[in-house]
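The primary structure of each chain is shown beneath.
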Amino acid sequence: MNPDAGTVEVESTAKDANNAAGDAANKTEEELKKEAKKKEKQKQQAEKAAKFQAKQEKAKQQPVAPPKPKEEIKPKKEKTAVVYESQLPPGSKKDISGPMPDSYSPAYVEAAWYAWWEKEGFFKPEYVEKQYPDNKEKFVIVIPPPNVTGTLHLGHALTNAIEDTLSRWHRMCGKATLWVPGCDHAGIATQVVVEKRLWREQKVSRHELGREKFLEEVWKWKNEKGDFIYNQLRRMGSSVDWERARFTMEPVMSRAVIEAFIRLQEEGLIYRSRRLVNWSCTLKSCISDIEVEKRELTGRTFLSVPGYKDKVEFGVLISFAYPLENSDDFIVVSTTRIETMLGDTAIAVHPNDDRYKKFVGHFAKHPLLDRKIPIVADEYVDMTFGSGAVKITPAHDHNDYAIGERHNLDFVTIMDDDGVLNSNCGPYSGMKRFDVRKKVLEDLKAKNLYRSTVDNPMVVPVCSRSKDVVEPLIKSQWFVNCNDMAAEAVQAVRSKNLRLIPDMHEKIWFHWLENIRDWCISRQLWWGHRIPAYFVTVKGQPEADDSDSRYWVTGRTLEEAMEKAVKRFNVPSTEITLRQDEDVLDTWFSSGLFPFAVFAWPDETKDLEKYYPTSLLETGSDIIFFWVARMVMLGLKLTGKLPFSEVYLHSIIRDAHGRKMSKSLGNVIDPLDVIQGIPLEELHKQLLTSNLDPSEVEKAKAGQKQDFPEGIPECGTDALRFALCSFLTEGRDINLDVLRIQGYRFFCNKLWNALRFSMMQLGENFLPLNNCAEITKAANELDLWILSRAAFAIQECNAGFREYNFPRITTACYNFWLYELCDVYLECTKVVFAGSEESAKDTCRQVLYTALDVGLRLISPFMPFISEELYQRLPRRSQTAPPSICITPYPRPEDATHWGNKDLENRIDLMMQVVRAARSLRADYNLAKSKTPLFVLCQSADIQQILEPITLYTKTLTNSSDVTISSSDAAVPKGCGMLSVRHDCSVYLSLEGFIDVKKEMERLTDKQDKLFSMIERLKKATSIEGYLEKVPPEVRQQNAERLAQQEAEKQKLEETLATLKTLTLS
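Residues numbered from 1 in each chain as written. Predicted model: local features only at pLDDT ≥ 70, side-chain atom pairs only at ≥ 80, totals over all residues. Heavy atoms only, no water.

## Describing the pairing of strand 30 (residues 933–938)
Right, so step 1: The element strand 30 is largely enclosed, with a buried count of six among its six residues.
Right, so step 2: Of the two faces of strand 30, the one carrying Pro933, Phe935 and Leu937 and the one carrying Leu934, Val936 and Cys938 are both buried.
Right, so step 3: Where strand 30 and strand 31 (residues 962–966) come together, five bridges link them in parallel fashion. Its bridge partner being in strand 31, Val936 is matched across the sheet by Ile965. (Buried < 20%, exposed > 50% of the residue type's maximum accessible area, 1.4 Å probe, protein only. Helix = DSSP H or I, 4+ residues; strand = E, 2+ residues; numbered from the N terminus. Pairing = 2+ DSSP bridges.)

## Re helix 32 (residues 951–958)
Right, so step 1: Within the sequence span of helix 32, burial applies to Thr951, Tyr953, Thr954, Leu957 and Thr958. For helix 32, the buried positions fall inside an angular range of 160° around the axis, keeping them on one side. (Arc of directions from axis to C-beta.)

## Digging into the pattern of salt bridges
Right, so step 1: One pass over the full model with this rule turns up 65 salt bridges.
Right, so step 2: One salt bridge in this structure joins Asp378 and Arg406, with 3.0 Å as the shortest N-O distance. Of the two residues, Asp378 sits in the loop between strand 14 (372–377) and strand 15 (389–392) while Arg406 sits in helix 11 (residues 398–406), which places them 28 residues apart along the sequence.
Right, so step 3: Overall, the relative accessible area of 7% leaves Asp378 in the buried class.
Right, so step 4: Here the salt bridges share partners, and the residues they tie into one network are Lys124, Glu126, Asp241, Glu243, Arg244 and Asp607. (Salt bridge = Lys/Arg side-chain N within 4 Å of Asp/Glu carboxyl O.)

## Observations concerning the packing of aromatic side chains
Right, so step 1: All chains considered together, the criterion is met by 44 aromatic pairs.
Right, so step 2: Each ring, one from Trp512 and one from Phe625, has its centre 4.7 Å from the other, and the planes form 20°; the classification is stacked. Here Trp512 is found in helix 14 (residues 505–514), whereas its partner Phe625 is found in helix 19 (residues 624–639), with 113 residues between them in sequence.
Right, so step 3: You can call Trp512 partly exposed: its relative accessible area is 24%.
Right, so step 4: Consider the rings of Tyr814 and Tyr819, whose centres lie 5.9 Å apart with planes at 75°: the pair is edge-to-face.
Right, so step 5: Judged by its relative accessible area of 23%, Tyr814 falls in the partly exposed class. (Phe/Tyr/Trp six-rings, centres within 6.5 Å; stacked < 30°, edge-to-face > 60°.)

## As for the nonpolar core
Here is a general trend for soluble globular proteins: nonpolar side chains tend to be buried in one another's company.
Right, so step 1: Phe806, Trp817, Val936 and Leu947 are the most contacted members of the largest nonpolar core, which totals 168 residues.
Right, so step 2: Considering each element in turn, this core owes the most residues, 15 residues, to helix 26 (residues 806–834).
Right, so step 3: Among all residues touching Val936, those that are not within four sequence positions of it are Val914, Leu947, Val963, Thr964, Ile965, Ser966, Cys985, Ser986 and Val987.
Right, so step 4: Judged by nonpolar contacts, the second largest core, of 76 residues, contains Ala492, Ala561, Phe599 and Leu617. (Core = buried A, V, L, I, M, F, W, Y, C linked by side-chain atoms within 4.5 Å. Contact = heavy atoms within 4.5 Å.)

## Observations regarding the sheet that holds strand 11 (residues 330–335)
Right, so step 1: Pairing is antiparallel in the open sheet, where three strands are placed in the order 11-10-16. Taken across any chain shown, the strands that pair with only one partner, and hence form the sheet edges, are strand 11 and strand 16 (450–455). Averaged over neighbouring strand pairs, the angle between their axes works out to 20° when direction is ignored.
Right, so step 2: Pairing analysis gives six bridges linking strand 10 (residues 316–323) to strand 11, with the strands arranged antiparallel. Bridge assignment links Pro323 to a residue of strand 11, and that residue is Phe330. (Axes fitted to C-alpha atoms, helices over the stretch in contact; angles between N-to-C directions.)

## Considerations on the packing of helix 14 against helix 19
For any two helices packed against each other, one specifies the inter-axial angle together with the distance between the axes.
Right, so step 1: Taken N-terminus to C-terminus, the directions of helix 14 and helix 19 make an angle of 75°; their axes are 12 Å apart at the nearest point. Put simply, helix 14 runs roughly perpendicular to helix 19. Within the contact between the two elements, helix 14 uses His505, Ile508, Trp509, Trp512 and Leu513 and helix 19 uses Ile624, Phe625, Val628, Ala629, Val632 and Met633. (Parallel < 35°, antiparallel > 145°, perpendicular 65-115°, else oblique.)

## Comments concerning the sheet that holds strand 12 (residues 346–349)
Right, so step 1: One open sheet holds the four strands; their spatial order is 13-14-12-15, and the pairing between them is mixed. A single partner strand is all that each edge strand has here, and the edge strands are strand 13 (363–365) and strand 15. Recorded for the sheet is a direction-independent mean angle of 30° between the axes of neighbouring strands.
Right, so step 2: By the bridge criterion, three bridges tie strand 13 to strand 14 in an arrangement that is antiparallel. Across the sheet, Phe363 pairs through a bridge with Pro374, a residue of strand 14.

## Structural notes on the confidence of the model for the protein
Right, so step 1: When pLDDT is averaged along the protein, the result is 89, and 92% of the positions lie at 70 or above.
Right, so step 2: Confidence drops under a pLDDT of 50 for residues 1–26, and excluding neighbours within four residues, the segment shows two contacts in the predicted structure.
Right, so step 3: pLDDT under 50 marks residues 59–73. Its contacts with residues more than four places away, or in other chains, come to zero contacts. (pLDDT = per-residue confidence, 0-100.)

## Some details on the packing of helix 26 against helix 32
Right, so step 1: Interaxial distance between helix 26 and helix 32 falls to 9 Å at its minimum, and their mutual angle equals 105°. The angle between helix 26 and helix 32 falls in the class roughly perpendicular. Along the contact surface, helix 26 presents Asp823, Val824, Glu827, Cys828 and Val831, while helix 32 presents Leu952, Tyr953, Thr956 and Leu957.

## Quick word on the side chain of Thr393
Right, so step 1: Within the secondary structure, Thr393 sits in the loop between strand 15 and helix 11.
Right, so step 2: By relative accessible area, which is 2% here, Thr393 ends up buried.
Right, so step 3: At 3.0 Å, the side chain of Thr393 and the side chain of Lys391 are in polar contact.
Right, so step 4: In contact with Thr393, not counting residues within four places along its chain, are Thr340, Gly343, Asp344 and Asp400. (Polar contact = N/O pair within 3.5 Å; in protein donor to acceptor, adjacent residues only side chain to side chain.)

Structure representation (structure tokens):
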């Protein structure tokens, strides 16, 4: 060793020590503690490393043991779903003669039943009329006809789940029930889809094909898609009368549409006029309000617009100056659509605005065109907004249109149907509207008339079909005067002749109908009901303006129209030329006739007489105006009757994140994919066959991957229907996580296992008693209790149906099956069936059968397939019983009143409190599988008297080796875990000899440490500066609940550890 090196090392060490001492003198007490703690940790790590090294050295000295032979790994046996296979012809009753499969399989259960129901005619009202000839009540409902453009989504599934559940309940209540199915031709939606398809596959436009051949292509599309939609309805179990199915373009429906138009036109309610409409430049058609999406912008935003390579700027307010005629003054105005200034025909100011009073009646000069602009006074103007002066473009703005009419202004249209500026725009003619936006701004800047551009929150109207920005344009169209009809619709609700459910919608109904505007029913399409109106040209007379109603006649046929024209103009038919309007009617016009058109109105058919008015209209709350209100108005006007007496408006389904269902987000789900399950890759493939742009496809794929990383599991129809109805909450949208539906698939499995177990206990030769009253004579407490709970479930379900409170019904069914029948009663029957008393077994079988029978009938409207499958496996009380559960009477409260026993329910409820407390103790001490003695200490003799007769059930449900019910402390041995049931009752669980106390204390101490860390972290997170101001209320609420839950768990752990410590001391 080098001595110099050693010397240097010593000097360095001494020097470091001196420095450390100096540093220590300068350090705070807290810093010194941290340093000491760090050194201690380093010391522990060094000791661990030394131990590990010693262990390694020792291992090297040991002889190496030969390697153990590897055990042969047996491949896991994959479970395969049971599939129903039969040689029977379609429509035959399902063969269930074989053994019951071990587990529930949706595919197996749902096979064959629907075809049998349909073939037997169970869904036709005539079937129930024969079954119950004395019952004259009926229930009639029409389906909201889905658009023929594509497949049904979960929104449709919700509608059909509700309507089928109601139809099935009314049918089981003995009413002649008719649910009319159908499809809507969906004018714009269908035409857009078919046009895109033609271009994608054949590279041809509809104009190149011509109207007739294009319509042939649309009919091909309809026949392809319509069948798929009907197949979806069948898979969802919809109990519709297929023989009465209607398509809105079939002859019967078309005749009703033509008749309605002509009657209303002859009465003066339909008229021709030039008015401002919503116009899609891409579709070259006006569109309804429901097809306009209102895209809210918070400020400057660039949006993609069809036909433009670059994105277009929106969300800004541009100010510019109008020079005044014969003056050096200017008036500054602001606009979000600078290109429309080419159509300005006035500047409006408020009559009380002192800044502008002197200018009213004078003119401004249009800065870019040779046009004078009058300055007018109008109270519509807001003096406090902007400069207090407003540019008026009557031909391109709904508010300006009204001002233009009041002041008799010029209405200057600046663009053609395709959004190209016309000859009214001087040098800008021939340019596209949003290209002009840039050019006008440049030219205003060049003339020093531009003032500013600022961010401006605004709503941009976008066509939902074409994604184009909607333009208000003046067009000659057909309009419906709705004022009188709307007043009748308002009165119908006010008088309670029409009931809106929930009634929160009444306020919206009144507001919309009392402020209704005339309805534009013309559409510039080829697909739809062509308007039965003809423009008249008389030989030798100049052609009239096509907005003049006098030159239009209507007719059911061309001959009828000619007769009207001859009569009106008093000239022979040889001097008249008729030209039918090229336009078609708004789809909502034909949909508005649906409740009576389906029964072949205007013909006075038997169905119309018998089934109109209908009973109920059920649909989504988002189309209350576009469809519901119009059906009411047209029904009252054309038939003199309300089309239905009740309207149930359900919530709107959104995805799990609260977003609207949209194909571009990838969250639009086909119900069949939930029913049968689908891998993520297959979901992706579906996007490739849609009409999405390539960029949207990638966005949709990302959405699917986020929400369904493993795809969608198979849930089955019954679980889907039950889940959707259980999610309905009055007035709230449904944020639907598809995976929640899987929980109800597990519920179906519970039903399956319950019946499978019960069938073994009932035995092959079991026959249920005809008289249900007899089964209670020899029944024990649990038998009577389950019948009492059945009576309660019957009451809840019927009340829920009457109130349209679906969660009330699903909760009653779920609780009865899961928490009462399966978790309690079936468990307790095991003791009876294991015993030797045959009379008790016989009584138990009768009660068990009755509970199953009631339970299946209660749940059948929601779960038609599994209820039918299980019901068919049970014997019948009578040889004349109905062949299917779907036409078997629904349980009635009056038939089960005698089962109700509140006193017994209270006693069993106390027992269940004891059971839950005992189970909680077993979980606390990790004794789930061990049978231990249980002691129940009662503070009063009354409690003891309640619990003692049902001790056997307590023992069974708590898995105890023995149960002692006592009012004496002496009965409870030492070394027990204790939990209070309530103020007058506690349970004690014997622990000595059943647990390893030391090991259990270590486990719980470790759990306590982790829980303490979680509590500290949460407390720290909720005490940071600005927590109350920065964190959303719902998150603060969640944190508070989590903290309270963790604190309660901490207290429980402390109590459990304290009990275990007493065992170590004893």
